[in-house]
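Inside the fold
Listed below are the residues making up each chain.
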Number of protein chains: 4
Amino acid sequence: MIDYRIDRGSGVPAYVQIVEQTERALRMGFLKVGDKLPTAKEVVAATAINPNTVLRAYRDLEQAGLVELRRGLGTFVTRSLARPGAEDDSPLRREVTDWVTRARAEGLERADVLAMVTAALDAHDDEHDSHAPGRPPPEPAR
Amino acid sequence: MIDYRIDRGSGVPAYVQIVEQTERALRMGFLKVGDKLPTAKEVVAATAINPNTVLRAYRDLEQAGLVELRRGLGTFVTRSLARPGAEDDSPLRREVTDWVTRARAEGLERADVLAMVTAALDAHDDEHDSHAPGRPPPEPAR
Amino acid sequence: MIDYRIDRGSGVPAYVQIVEQTERALRMGFLKVGDKLPTAKEVVAATAINPNTVLRAYRDLEQAGLVELRRGLGTFVTRSLARPGAEDDSPLRREVTDWVTRARAEGLERADVLAMVTAALDAHDDEHDSHAPGRPPPEPAR
Amino acid sequence: MIDYRIDRGSGVPAYVQIVEQTERALRMGFLKVGDKLPTAKEVVAATAINPNTVLRAYRDLEQAGLVELRRGLGTFVTRSLARPGAEDDSPLRREVTDWVTRARAEGLERADVLAMVTAALDAHDDEHDSHAPGRPPPEPAR
DNA sequence: GTGGTCTAGACCACA
DNA sequence: GTGGTCTAGACCACA
């Protein structure tokens, strides 16, 4: 069962953190179609956030077509975001695991690692089609 | 000069996005001590957000000891977060650039790439000291 | 400006009523792209429902791509649902106005009128393609 | 036998949908005094909702004086809502059937048709007695 | 001033 | 028991 962690000091709304963590789990295949998300009550017990906030996140996921809230039953995954290439035993996965291990061993913090990857993504997307999926295009000035 | 990109619709407050992007640039050494941040006016022109929002972010950065707001002059970096190991020409950088290129070539989206790295970080930190810097510790249940 | 009316005894959630009334106004062209919806405060003054409930409705409309919530500014229509054929001066409009007038004159209640139209729609859609847009297909038994 | 269709996703509670559909059938004369409603079991088979939900709706209809629940026998219509003017072969019925056919032929969706009729009703009732039966009076501001 | 998040708590819908 | 709506109120983000 997915284990949400809410970082209360990050400035990112709690419900956004739940949505993001759920989407990541879907992309990684950690959550599959039919899987049950934790009940609001369980999330409350684990994270000390309010059940309304959990439901707000689940509703957003529902409107994104990823889960279904069934009253009296629970919340269930209805769509996968799993990617070929991101499986547990794929070469890319093995490589990144290895790379992260070395980065951490060299003393880099979690934030350093994410900064390096983000920088690599930015550099890549600037060189290629800048409207690659996932990177928000620059906002036009109004 | 750092080029902020605000993703309205991400749910993350605009000022948080500015702070995060600035910190990443500091970690990567893209911004160095003495460098000038864009003026609020320039950011407004580039992102269509309100100058107050930019100043809010700069004040947060100032309180974190990273920049200094000099009235009438601008905002300047006062502390580096650059890491040995994250330099432009370090092996880790070359490897991650290469890895990202291959991941993108295999059709993975930006979000997939970030999900894979986050998963690798989570797995690593769970195996080692789970209170590694940067990863918020689990909240205690109340 | 659109004038919401909440029927508290209908069993239909208040936020759904706001969403439905807004969509109807968009379909009729009563609301156009760029138009401002009433502020939450104004709706509260007019309907005695809670501002959170209004915002819940506006958020749903935003996720449907119909409006944009701009903090500090208000909520604005971003997409029209206006239909050729439904304009104020179209033959269909004139005919239905006339028909409603006669139905009411014969003593039929609002609910009777809606029941007759719904019945006519059901009959029509059963004869033609039953998956015509707007009518939910029968749910498969599980 | 009346054929209930539950639109999950409409935001309208399932039991309200059953009540509304039953009332419409009574207004149209599709259901007459003495007619039997489907058993909860039959509705469950057709709609995949829980029998308790069906019973909840039937109890509401009973309290409205429209049906009677007879233990072991079933649920029976005890009162008609049929209206002169709404019969199958009335001029108003023929006209609305014709009008709906043309509206659909012009590409209008079910929701467009209902929006047009609702707009016509609103316009009519605003001009005449605004407390016409069936339209909820405006809520007084608090 | 306008929208946004979050909470606690009441009550409801559904299984 | 699980999700859903609504409220009042506190505090925040943004213009």
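Residues numbered from 1 in each chain as written. Chains lettered and ligands numbered in written order. Predicted model: local features only at pLDDT ≥ 70, side-chain atom pairs only at ≥ 80, totals over all residues. Heavy atoms only, no water.

Attention now moves to the relation of the copies chain B and chain A. The operation linking the two copies of the chain is a rotation about an axis combined with a translation along the axis. When chain B is brought onto chain A, the operation consists of a screw motion whose angular component is 180 degrees and whose axial shift is 0.0 Å, with 0.1 Å RMSD remaining. What the superposition gives is, in effect, a two-fold axis relating one chain to the other. When each C-alpha of chain B is compared by its distance to the rotation axis, B:Val12 comes out closest, at 2.6 Å. Same-surface contact between copies: 100% of interface residues of chain B are shared with the interface of chain A. (Least-squares fit on C-alpha atoms with pLDDT ≥ 70 in both. Contact = heavy atoms within 4.5 Å.)

Glancing now at the relation of the copies chain D and chain C. With an RMSD of 0.1 Å, chain D superimposes on chain C once it is rotated by 180 degrees and translated 0.0 Å along the axis. When the interface residues of chain D are mapped onto chain C, 100% of them again lie at the interface, so the same face is used by both copies.

Moving on: the sheet that holds strand 3 (residues 74-77) of chain B. Residue and element names in this part refer to chain B. Across the sheet, which stays open at both edges, the three strands sit in the order 1-3-2 with antiparallel pairing between neighbours. Where the open sheet ends on each side, the last strands, each with one partner, are strand 1 (36-37) and strand 2 (67-70). Contacts between helix 3 (residues 51-63) and the sheet are confined to strand 1, strand 2 and strand 3, with strand 2 contributing the most and set at about 125 degrees to the helix. (Pairing = 2+ DSSP bridges. Helix = DSSP H or I, 4+ residues; strand = E, 2+ residues; numbered from the N terminus. Axes fitted to C-alpha atoms, helices over the stretch in contact; angles between N-to-C directions.)

Below, the discussion takes up the pattern of salt bridges. Using the criterion set out here, one finds 56 salt bridges over all chains in the structure. As a salt-bridge pair, C:Arg110 and D:Asp125 come within 3.5 Å of each other at their nearest N and O atoms. Note that C:Arg110 is positioned in helix 5 (residues 110-127) and D:Asp125 in helix 5 (residues 110-127), a pairing that runs across two chains. Here C:Arg110 and D:Asp125 have matching classes, each one buried. Each of the salt bridges in this network shares a partner with another, and the network as a whole consists of A:Arg27, A:Arg83, B:Glu109 and B:Asp112. (Salt bridge = Lys/Arg side-chain N within 4 Å of Asp/Glu carboxyl O. Buried < 20%, exposed > 50% of the residue type's maximum accessible area, 1.4 Å probe, protein only.)

We now examine the arrangement of the chains. Contact between chain A and chain D is absent, and the minimum C-alpha spacing across the pair is 10 Å. The two units chain B and chain D never meet; even their closest C-alpha atoms stay 24 Å apart.

Geometric descriptors of this kind do not, in isolation, establish any biological role.
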